[in-house]
Amino acid sequence: MTVRHLEAMFQPTSVALIGASDREGSLGSVVLHNLKLGGFKGPIWPVNTQHAEIDGGPAWPDVASLPFAPDLAVICTPASTVPELVAALGRKGTRAVIVLSAGLKAKSASGVSLEQSMLDAARPHLLRVLGPNCIGALVPGVALNASFSPGNALPGKLAFVTQSGALATAMLDWANSRGIGFSHFVSLGDSADVDFGDMLDYLGSDPGTRAILMYVESVKTARKFMSAARAAARNKPVILVKAGRAPEGAKAAASHTGALAGSDVVFDAAVQRAGMLRVNTLEALFDAAETLSNMQHTWPLRGERLALVTNGGGAGVLAADSLSLDGGTLAELSPATLAALDACLPATWSKGNPVDIIGDAPVSRYQAALRVLLAAPEVDGVLFMHAPTAIVSATQIASACLPLMQSANKPVLACWLGGAVVAAARQATAAAGIANYNTPERATAAWMQLVHFNRNQQALQQLTTASVPDLQPDRATAQHLVQQALQEGREWLGDADSQALLAAYGIPVVETRKTRDAQNAVSAADAMGYPVALKIMSPQIIHKSDVGGVALGLNSAAEVRAAAERMQAQVSKLRPDAVLQGFTVQAMAHRPGAHELIVGLSTDPLFGPVMLLGEGGTAVELHANHAVALPPLNTRLAQDLVQRSQLAKLLGGYRGKAAANQAALSDALLRVSLLACDLAQVAELDINPLLIDADGVLAVDSRVRIKASSAREGAHLAIRPYPAALEEQIHLAGEGLLLRPIRPEDGGRLQAFYADATLADMRLRFFMVRREVPHSELARYSQIDYDREMTFVALGDSSLAEPRMLGEVRAVCDPDNTRAEFAIQVATDWQGRGLGRLLLDKLLRYLRARGTTEVVGECLLENLSLAALARHADFSIEAGSSPDLSTLRLALNPPKMTKT
């Protein structure tokens, strides 16, 4: 489940409190007090088995006796009573429950946990559960305080979701003291049902929420979390603090929530992929929310170059140092900008960035310097700093400069240093919608939050136009290698099999042969040509060099035979338990000047396969230059992985050394990504070293660990990969066409499709006249989440380098898969030839197969062709949401009946 019935939880019209009490200090008494003090407008029904009256009003003995089914019930009774209460509420017709009770991890007499019994009781009624072991929920917009927090929440536009109850109460008190308000303040507790994915889906489409803030200890369902996060982050800032960054913290987080904490670097990769922003402290969480919320009119960033303007040199130096330490970029002022500043500043100004306008600056000097920097094309953002002086008041400076900041077409941050003297200026700045901070360090940290968030958003929304490489792996060979090893009980593929697996996916490898004994090794080396490398084959020995099991640069048959005999003796002496199955012979790679990289795969317990790229070789553990990413990758994501690994400069060529073939590296990364998507049995893979130079890449050595897996296609991944099985070749009007799901690389093709359409066709498609579709929108249309959306495109003559897009049909399913909204467009010269019918039929077949209940769409009344197409597919046509629209509706799969 996801957003189903969450409106009953967060916008209830009635509330029942199970376990309400008159006993001062009891949980039932505190929650009842909060419900009433919060000003909830609907009825509040206390339930108490012992008392007919609670807090001066009537109480009911049980759920069945309540006058009506409450939208929301809050349970604060002992853990053992919760499952039956949930069942009774479900029978009554309640659709949402907040369980404050703790202790549901305990097992019942049957051996099943009370938490599982609670979920079993809720499931037949589709009843949603927040908690257990949570503080509750506060929704100021509907005056709901269904919690035992020590205070109420102020109304606002921020949503805060946390797994920690103790942190929730502390944060609420902190926020109230600073006047920070919330649209929702939610404690998830053990998140047995409602989790971060559900909250992201719900809050992502909530018009009253401007930004989503989260304190995360663990995530339970990676794919659901990633889908919800990517969808929400396209609509509004999603900012989080993740506990467990240090290994000790990760261990504490796991024991606290009952879920294993994944690798922190992997979680960072997931955050980046989803377009969210991660910060390190709770204070930074609210700073980031303020910064991002106040930057909407200047979003996205044009670049990362920051100019600093200050009336004190010390503040400027502190800001510049902080920015540099955080990896930021100080804008380098152009000669034109320096000349403009020379014209309006005294001769003693700093002559560079930071721009120190000197402590005796009058108001006009502040205004002049600010105007110059805001107009400078080499400046992407400005940090305005002021330390109080007796020359002119901070209030006067704020009054004069705030209009310039508000009208700027680039981000401006303010820093008012001091206390009471600058308090009024701070208040005026906040009221003007300009983010402001107390210290230079916090201000530059806020700028870097903008930078990192912008990078993640660009990665999420950047239009991809690169062509799709034709990878075409030999899947049959790859599957045979893996299955044979599993049948033989092997956990690791041997050297030859590992290299053969890579070769099956088109990754260049050195020639490798398996041999039974020394004589066979000599024969293989003779056939291969010298020099060669010789390695032992033993399933018990993974690190061959530890037992002298690797010999390089062997130049003759005698050297090969001697090395084999020496290795056999070493293994017998050092690892008498090991079985020596033979030797592998490899051609020696002669690539002088090539760089050594490592490309790897590992399996995260939460997010599944994770790819790694970094500097390789024998000292790989000592290298800091590396980065990780979640597959599947596309061309742009592969290039981004290279950039984040900090290898781009190394590979770019220096001191007369030719640049390495980075296109070949991207291709290899795409092939490893495809291998990870295809083969759930591959638990680990190391290609080390992967040599790279101007001629391309070459896998010299590799290791592959395998495990049995029953995961259905793509289910082991946190992000559903491209569903190649849905590709279909058809013939229509004498031409061969390809119907397939859209790819991220189709961004340019989709742009051309819309550009070629007539204005009339674009109006019928988008309900307004538009000549072009913005890049951000094209990116959203081409970079879809295959787990929740589907777009099928029709491509023309496949013999062309860039086949033309002839039509598209798309559907976006709600998180519960109950309803899909569809749209369709066919190229003008292909209309009336049956393509629209084929596209719609393919989409409907797909939606039926995935169990979608209903598909709906809207069309203009004048769009007679779409109406006729819909009727042919058995859609009903109804009055639309406005007089000029019709609603098209088709039931696909009848909804399952539930008990009430």
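My aim in this report is to walk through the structure given alongside it, one point at a time. Since the model is a prediction, treat every value here as computed from it, not as a measurement. (Residues numbered from 1 in each chain as written. Predicted model: local features only at pLDDT ≥ 70, side-chain atom pairs only at ≥ 80, totals over all residues. Heavy atoms only, no water.)

## A few points about the overall build of the protein
Here comes step 1: Helix and strand counts for the protein come out as 28 helices and 39 strands.
Here comes step 2: Split into buried and exposed, the 900 residues of the protein put 55% on the buried side.
Here comes step 3: Nonlocal contacts in the protein, meaning residues at least 24 apart in sequence, comprise 70% of its contacts between residues at least 6 apart.
Here comes step 4: Element-wise, carbon and sulfur atoms account for 53% of the exposed surface of the protein, whose accessible area totals about 37200 Å².
Here comes step 5: In the protein, the 79 positive side-chain charges and the 86 negative ones have mean positions that sit 2 Å from each other. (Helix = DSSP H or I, 4+ residues; strand = E, 2+ residues; numbered from the N terminus. Buried < 20%, exposed > 50% of the residue type's maximum accessible area, 1.4 Å probe, protein only. Contact = heavy atoms within 4.5 Å. Areas by Shrake-Rupley, 256 points an atom, 1.4 Å probe, with all protein chains shown as cover. Lys, Arg positive; Asp, Glu negative; His and termini not counted. Charge placed at Lys NZ, Arg CZ, Asp CG, Glu CD.)

## Observations concerning the packing of aromatic side chains
Here comes step 1: Following the criterion strictly, the structure yields 19 aromatic pairs and no others.
Here comes step 2: Each ring, one from Phe182 and one from Phe185, has its centre 5.0 Å from the other, and the planes form 80 degrees; the classification is edge-to-face.
Here comes step 3: With relative accessibility at 1%, the residue Phe182 sits in the buried group.
Here comes step 4: Considering the side-chain rings of Phe792 and Tyr846, the 5.8 Å spacing of their centres and the 85 degrees angle between planes classify their relative orientation as edge-to-face. With Phe792 in strand S34 (residues 789-795) and Tyr846 in helix H27 (residues 835-849), this pair connects stretches of sequence that are 54 residues apart. When sorted by exposure, Phe792 lands in the same class as Tyr846, which is buried.
Here comes step 5: Three or more aromatic residues joined by ring pairs form one cluster here, namely Phe160, Trp174, Phe182, Phe185 and Phe286. (Phe/Tyr/Trp six-rings, centres within 6.5 Å; stacked < 30°, edge-to-face > 60°.)

## Remarks on helix H14 (residues 394-406)
Here comes step 1: Between its terminal C-alpha atoms H14 stretches 17 Å, which fits the 18 Å expected from 13 residues at 1.5 Å a residue.
Here comes step 2: Helix geometry: H14 is bent most strongly at Ala400, by close to 35 degrees, with proline Pro403 lying one to four residues after it.
Here comes step 3: For H14, the complete set of buried residues consists of Ala394, Ile397, Ala398, Ala400, Cys401, Leu402, Leu404 and Met405.
Here comes step 4: Buried residues belonging to H14 abut helix H13 (363-375), strand S18 (381-386), strand S19 (412-416) and helix H15 (423-431). (Expected span 1.5 Å × (residues − 1). Bend = angle between axes of the 7 residues up to and from the residue.)

## As for the side chain of Asp264
Here comes step 1: Mapping Asp264 onto the fold places it in helix H9 (residues 264-274).
Here comes step 2: On the basis of relative accessible area, Asp264 is assigned to the buried category, the value being 13%.
Here comes step 3: A polar atom in the side chain of Asp264 sits 2.6 Å from the side chain of Arg278. (Polar contact = N/O pair within 3.5 Å; in protein donor to acceptor, adjacent residues only side chain to side chain.)

## Focus on the environment of Ala680
Here comes step 1: By secondary structure assignment, the location of Ala680 is in the loop between helix H23 (662-678) and strand S29 (682-693).
Here comes step 2: You can call Ala680 buried: its relative accessible area is 9%.
Here comes step 3: C-alpha separation for the pair Ala680 and Ile706, spaced 26 residues apart in sequence, amounts to 8.8 Å.
Here comes step 4: Sequence-distant contacts of Ala680, defined by excluding residues within four places in its chain, comprise Lys707, Ser709, Ala711 and His716.

## Remarks on the pattern of salt bridges
Here comes step 1: All told, the structure shown has 46 salt bridges when counted by the stated rule.
Here comes step 2: Among the salt bridges present, the one from Asp678 reaches Arg475, with a minimum N-O distance of 2.8 Å. Of this pair, Asp678 sits in helix H23 while Arg475 sits in helix H17 (residues 475-487), placing them 203 residues apart in sequence.
Here comes step 3: In this structure Asp678 comes out as partly exposed when scored by relative accessible area, which is 25%.
Here comes step 4: Using a relative accessible area of 39% as the deciding quantity, one classes Arg475 as partly exposed.
Here comes step 5: The structure contains a network of salt bridges with shared partners spanning Arg128, Asp193, Asp195, Asp198 and Lys224. (Salt bridge = Lys/Arg side-chain N within 4 Å of Asp/Glu carboxyl O.)

## A closer look at the sheet that holds strand S36 (residues 819-826)
Here comes step 1: Spatial strand order, S32-S33-S34-S35-S36-S37-S39-S38: 8 strands in an open sheet with mixed pairing. The open sheet has two edge strands with one neighbour each: strand S32 (728-732) and strand S38 (876-879). Shown here is a sheet whose adjacent strand axes are inclined to one another by a mean of 25 degrees, direction ignored.
Here comes step 2: Pairing of S36 with strand S37 (residues 854-860) involves 3 bridges; the strand directions are parallel. Its bridge partner being in S37, Ala820 is matched across the sheet by Val855. (Pairing = 2+ DSSP bridges. Axes fitted to C-alpha atoms, helices over the stretch in contact; angles between N-to-C directions.)

Shape is all these values report; function is a separate question.
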